[in-house]
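The residues making up each chain are set out below.
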Amino acid sequence: MMDRKRGLRPEPETDPNAEKKAVALKYNPEENAAPKVVAKGRGYVAENILAAAQSNAVPVYQNKSLVNLLMALDLDKEIPPELYTTVAEVLAYIYRMDTKAGARKRPMP
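The structure displayed is predicted, hence computed values, not measured ones.

A.B. asks: I'm lost on the pattern of salt bridges in this one. Help?
C.D. replies: Side-chain pairs of opposite charge can arise whenever the charged atoms involved come near each other. Enumeration over the complete set of coordinates arrives at two salt bridges. Residues Arg42 and Glu19 are paired through a salt bridge, measuring 3.6 Å at the closest nitrogen-oxygen approach. One end of the pair, Arg42, is in strand β4 (residues 36-42); the other, Glu19, is in the loop between β2 (7-8) and β3 (21-26), and 23 residues separate them in sequence. We note a salt bridge from Lys36 to Asp76, for which the minimum N-O separation is 3.1 Å. Taken together, the residues span a long stretch of sequence, with Lys36 in strand β4 and Asp76 in the loop between α2 (64-71) and α3 (84-105) at a distance of 40 residues. The buried category is assigned to Lys36, whose relative accessible area is 18%.

A.B. asks: I keep staring at helix α1 (residues 44-55) and nothing clicks. Help me out?
C.D. replies: Residues lying three or four places apart along an α-helix face the same way, a consequence of the helix completing one turn every 3.6 residues. Over its 12 residues, α1 extends 16 Å from the first C-alpha to the last, a length consistent with the 16 Å expected when each residue adds 1.5 Å. Buried within α1 we find Ala46, Ile49 and Ala53. What you see down the axis of α1 is that its buried residues fit within an arc of 60°, all on one side. Exposed and oriented more than 90 degrees from the buried face of α1 are Tyr44, Gln54 and Ser55. Where α1 is buried, its residues meet β3 and β4.

So, how was this worked out
- In every chain, residue numbers begin from 1 and rise along the written sequence.
- Per-residue local features are limited, in this predicted model, to residues with pLDDT of at least 70; the limit for side-chain atom pairs, both in listing and counting, is 80 or more; totals at the level of whole chains, interfaces and linings are taken over all residues.
- Hydrogens and water are ignored here; the side-chain numbers use all heavy atoms of the structure.
- A side-chain nitrogen of Lys or Arg and a carboxyl oxygen of Asp or Glu constitute a salt bridge if their distance falls within 4 Å.
- In this text, helices come from DSSP runs of H or I with a minimum length of four residues, and strands from runs of E with a minimum of two, each type numbered from the N-terminal end.
- A simple rule labels every residue: compare its accessible area, found with a 1.4 Å probe on the protein chains alone, to the largest value its type can have, and call it buried under 20%, exposed over 50%, or partly exposed in between.
- An expected span of 1.5 Å times one less than the residue number is assigned to each helix.
- Directions pointing from the helix axis toward each C-beta atom define the arc.
- Should any heavy atoms of two residues lie within 4.5 Å, those residues are considered in contact.

Printed below as a string of C-alpha cells:
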C-alpha cells in the first residue's frame, strides 16, 4: 500500500511493529472432533500466552494470517471445518518438532 507522505507501509504479515496477537489451541481427539480455542489475546495478554507456552515447552507456530482468523473465534469453541486443513498442517509441524525433540533427548546407544 502506498501512503504519499510516508512511502511504503509494511503489510501486517511482515511488520515487526504490528501489535502482538496469540491464540492457543487444544486438541484431544478422544474428547473433541476438532481443536478448540482455549486462549487468545493481543498485546500484554498475547505476551503472557507466549511466555506460558515457552515456560511449559509448548511449541509455538507463527503465522499472522492464521492468528487473525483464529482471533475471530469464540473461546472454548472448536475451529470451523474451513480451518481443518490449515490447523492440521500446524499440528503436523508440531508433531514433527516433538518427534525431533524426543530423538535429541534419548540417550545415544
